[in-house]
Amino acid sequence: MPRNKVFVNRTLNLKRIKYIGLDMDHTLIRYNTENFERLSHTKIMEKLVSRKNYPESVKKLQFDFQFALRGLVVDRKKGNLLKLNRYTAIRNSFHGLKPLDFKTHQKVYKSTYIDLSKNDYLAIDTSFSYSLAHAYSQLVELKDSDPQSKLPDYAQMADDVLDALDEAHRDGSLKEEVRKNLSHYIIKDESVVRGLEKFRKHGKKIFVLTNSDFHYSKLLLDYAVTPFLKDYKSWVDLFEIVITFAQKPKFFYDDLKFLKVNPEDGTMSNMDEKLSPGVYQSGGARKFTADLGLDGDDILYIGDHIYGDILRLKKDCNWRTAMIIEELDEELQKNVEAEPIMNEIESLMHQKEPLEEELTELMTKKIEKESPVDEKRIDQLQDDITAIDTQISQLIKKQQALYNPNWGQLMRAGNEESYFAYQMERYACVYMSKIGDLFELSPRTYFRAPRRPLSHEVEMRSLTV
Ligand SMILES: [Mg+2]
């Protein structure tokens, strides 16, 4: 049996799913993320110089893919990058390119918890996080190092970086580079196409719902899907419906009009009739489900963007959701490497517990003055506990070093889930590192969510064992 690579938050019966919807970029079509982020970083810096009058020198700043992590939060006012846990408590922070030390951190953030609804904060949870976060931190560093520089304040720089990235997406400058060098940016995966054909055999309808425009979608689908088809002539026949320029998340809650696209030449025409198989632009989820006679839970939608693809969809449409987290595979491998270290930590914790209990007991007696206590023993216990703590903190460092050097694990922030993992868990019914992980399974798979014990249940269990 191959290892199951689709992970379940909420039970999902694939047999009951009639339509499977796919986001295109980073979902149906895999990118070489490091190459693409390097390109985004270059484009951000170019736009800052040409549009926002930033000094030419920013174009020389080199991109470091390892610097940031998905799911970080930018503190626009203070020029910091933050990693939060599920309660939005800050667990790690950088100012510019350096970590904030504990003292400065305490001075800057009076409370550990931050209110993400304030516009001081910008959550960056797409794969574009890497270029955006690094570019921003480099600019903060540059501004700090040279007070004479004409760079705007931290908040303005955050807005400028975001604008520059948006514009690079909108005006086609990123797409133009991808078009020129497809194999550098796009990963072909024949097994995905095999899987899609298998799902069609089982009567599943498959649609594509992408924010990319028709011509770019055609470029990528012609490149990565059509050449591998056996049962169909082109992607146009494989997919029931393709909706381009969908403007997600607006697609999920607004009622924009659908336009019909001629897949031969990309020309568009108005339409008033019901949706039928074909290629479209824009539109909205309400008409989509009404015309096809679908309930929300007949549809499984797969995407990689927590806000654009998953969160609004779950809130507004009640479709079932699957999330692609491409960093997951590597994190799972690292977790395996980390396991012996984690076991060592656990056994040290077990050694520590009886010592702590004994110390608590002696200290209690001492304070309550019931009987004379063995002071030497108290000192000994304190020394032993400190020694174990030192060992544990060294092991934690060793464990963290396996993951991102600056931020550690993607899914965890200390003992808690990271904020990113928390969002994913709330809104995605299932998750996986790539779409092929789902399509290699049977279309009749029943995904059962594991039962999650609450603290009191864990305690109960340890008492009864
Ligand atoms: Mg996407």
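Residues numbered from 1 in each chain as written. Predicted model: local features only at pLDDT ≥ 70, side-chain atom pairs only at ≥ 80, totals over all residues. Heavy atoms only, no water.

S.K.: Could you give an account of the coordination of the magnesium ion, naming the residues involved and the relevant values?
M.R.: Coordination of the magnesium ion by the protein involves Asp-23 (OD), Asp-25 (O) and Asp-304 (OD), with metal-donor separations of 2.1 to 2.2 Å. In terms of primary sequence, the donors binding the magnesium ion are separated according to D-x1-D-x278-D. Of this pair, Asp-25 sits in the loop between strand 3 (19-22) and strand 4 (30-31) while Asp-304 sits in the loop between strand 16 (299-303) and helix 12 (306-316), and the two are 279 residues apart along the sequence. Using a relative accessible area of 8% as the deciding quantity, one classes Asp-304 as buried. (Donors = N, O, S within 2.8 Å, 3.2 Å for Na, K, Ca; no water. Helix = DSSP H or I, 4+ residues; strand = E, 2+ residues; numbered from the N terminus. Buried < 20%, exposed > 50% of the residue type's maximum accessible area, 1.4 Å probe, protein only.)

S.K.: Describe the environment of His-134, and please don't skip the residues or the numbers.
M.R.: For His-134, the position within the fold is in helix 3 (residues 129-145). A relative accessible area of 4% places His-134 in the buried class. Sequence separation of His-134 and His-41 is 93 residues, and the distance between their C-alpha atoms is 8.2 Å. Residues in contact with His-134, not counting those within four places in the same chain, are His-41, Gln-62, Phe-63, Asp-64, Phe-67, Leu-97 and Ser-129. (Contact = heavy atoms within 4.5 Å.)

S.K.: Please provide a residue-by-residue account of helix 1 (residues 33-52), values included.
M.R.: Helix length check: helix 1 (20 residues) gives 27 Å between terminal C-alpha atoms against 28 Å at 1.5 Å per residue, within 8%. Downstream of helix 1 by one or two residues, Asn-53 has phi in the positive range, about 60°. (Expected span 1.5 Å × (residues − 1).)

S.K.: Give me the lowdown on the pattern of salt bridges, citing residues and values where you can.
M.R.: Enumeration over the complete set of coordinates arrives at 35 salt bridges. Put simply, Glu-56 and Lys-59 hold a salt bridge, and the shortest N to O gap is 3.6 Å. Its relative accessible area of 43% is what places Lys-59 among the partly exposed residues. Between Arg-86 and Glu-417 there is a salt bridge, and its shortest N-O distance comes to 3.2 Å. With a gap of 331 residues between them, Arg-86 in the loop between strand 6 (80-84) and strand 7 (90-95) and Glu-417 in strand 19 (residues 416-417) connect regions that are remote in the sequence. In the salt-bridge network here, residues are joined through shared partners; they are Lys-43, Glu-46, Glu-177 and Lys-180. (Salt bridge = Lys/Arg side-chain N within 4 Å of Asp/Glu carboxyl O.)

S.K.: Explain the sheet that holds strand 15 (residues 278-282) residue by residue, including any values.
M.R.: In spatial order, the strands read 1-20-17-16-3-11-12-15-13-14; together these ten strands make up an open sheet with mixed pairing. The open sheet has two free edges, formed respectively by strand 1 (7-8) and strand 14 (268-270), since each of these has just one partner strand. One ladder, built from four bridges, connects strand 12 (residues 241-244) with strand 15; its direction is parallel. Residue pairing for strand 15: Thr-244 is matched across the bridge by Gln-281. (Pairing = 2+ DSSP bridges.)

S.K.: Explain the sheet that holds strand 8 (residues 98-99) residue by residue, including any values.
M.R.: Taken in spatial order, the five strands line up as 8-7-6-5-9 in an open sheet, and their pairing is antiparallel. The sheet is open, and its two borders are formed by strand 8 and strand 9 (121-124), each paired with just one other strand.

S.K.: Account for the pairing of strand 13 (residues 258-261), naming residues and giving values.
M.R.: Taken together, the four bridges between strand 13 and strand 15 define a ladder with antiparallel strand orientation. Of the residues in strand 15, the one forming a bridge with Lys-260 is Tyr-280. As judged from the three bridges shared by strand 13 and strand 14, these two strands associate in the antiparallel manner. Bridge assignment links Lys-260 to a residue of strand 14, and that residue is Ser-269. Hairpin connection from strand 13 to strand 14: six residues lie between these consecutive antiparallel strands, with Gly-266 at a positive phi of about 80°.

S.K.: Mind laying out the domain arrangement of the chain, listing which residues take part and the relevant values?
M.R.: According to the domain assignment, the chain contains domain 1 (7-28 + 186-324), domain 2 (33-180) and domain 3 (328-409). The interface is formed by twelve residues belonging to domain 1 together with ten residues belonging to domain 2. Carbon and sulfur atoms supply 57% of the area buried between domain 1 and domain 2, which totals about 860 Å² over both sides. Counting the contacts that link domain 1 with domain 2 gives one residue pair in polar contact (both at pLDDT 80 or more). Looking at the side of domain 1 that touches domain 2, the element that brings in the most residues is helix 8 (residues 214-224), giving three residues. When grouped by side-chain class, the residues that make up the side of domain 1 that touches domain 2 number seven nonpolar, three polar and two charged. (Domains from an automatic or database assignment. Buried area = accessible area lost by both parts, 1.4 Å probe. Polar contact = N/O pair within 3.5 Å; in protein donor to acceptor, adjacent residues only side chain to side chain. Nonpolar A, V, L, I, M, F, W, Y, C, P; charged D, E, K, R; others polar.)

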